[in-house]
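The chain contents come next:
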Amino acid sequence: MLPNPPVSDAPWVVCLCAEWCGTCRDYRPLMQQVAQAHPQMRFAWVDIEDHAELADEFDVETFPTLLVVDAGGQRFLGPMLPNAQALSRLLGALPAAQPAEAHVHALIAGIERDPAAFALHVG
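None of these values were measured; they are calculated from a predicted model. Every chain begins its residue count from 1, and numbering advances along the sequence as written. Owing to the predicted nature of the model, reporting of local features is limited to residues with pLDDT of at least 70; listing and counting of side-chain atom pairs is limited to 80 or more, with chain, interface and lining totals taken over all residues. Excluded from the side-chain calculations are hydrogens and water; all other atoms, namely the structure's heavy atoms, are used.

Formed by 40 residues in total, the largest nonpolar core has its most connected members in Val14 and Leu66. The way it works is that DSSP assigns letters per residue, a run of H or I at least four long becomes a helix, a run of E at least two long becomes a strand, and they are numbered from the N terminus. Broken down by element, the residue count for this core peaks at six residues, all from strand S1 (residues 12–17). Contacts are residue-level and defined by heavy atoms, with any inter-residue pair within 4.5 Å sufficient. Those residues in contact with Leu66 that lie beyond four places of it in its chain are Val13, Val14, Cys15, Tyr27, Met31, Phe76, Leu77, Gly78, Met80, Leu87 and Leu90. We call a set of buried residues a nonpolar core when its members are Ala, Val, Leu, Ile, Met, Phe, Trp, Tyr or Cys and they connect through side-chain atoms within 4.5 Å of each other. Residue burial is assigned from relative accessible area. The probe radius is 1.4 Å, only protein chains are included, and a residue is buried under 20% of its type maximum, exposed over 50%, and partly exposed in between.

This is the structure we're talking about:
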C-alpha cells in the first residue's frame, strides 16, 4: 500500500460548514479577519453539502467544525464557535501533530486542486 501524499508545508485551516447554518455564516467574516492576521497559513471554506465527495468521511455533526493540518499531520479537528480570539489563540499554539487519516489527505488534495472553489470570501 502506498503512503498518503504529504500535506503541503503551510498549514491549512479548513472550516467544514453548511450554507444553511447561521453560526457558520457568522463565522465566515471572523475567519477572514483571522486569515488576514495569519498570512503564513492557508484558509479554506468547505460546504459539506456542496463538497460531499470530499467531506462525507468527516461525519460533521456540530457546525462549524474546524480542521487544522500541515505536513506534520492533523493538529486540530473539532467544533469551534465564532470567536476570532479563540481561533487566533488556537493557531498561535497548535497542539502536537497526529497522523492524518486518508480522508484528511483527500480533502486537502481536493482543496489544492481547485483552491478558488474553497476560497474564504465574504459577501
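Here the narrative resumes, following the displayed structure.
Two side chains of opposite charge can pair, provided their charged atoms sit close to one another. For this document, the term salt bridge refers to a Lys or Arg side-chain nitrogen within 4 Å of an Asp or Glu carboxyl oxygen. Within this structure, the stated rule accounts for two salt bridges. With its nearest N and O atoms 3.5 Å apart, the salt bridge here joins Glu112 to Arg42. Of this pair, Glu112 sits in helix H4 (residues 102–113) while Arg42 sits in strand S2 (residues 42–47), and the two are 70 residues apart along the sequence. Relative accessible area serves as the criterion here: at 26%, Arg42 is assigned to the partly exposed category.

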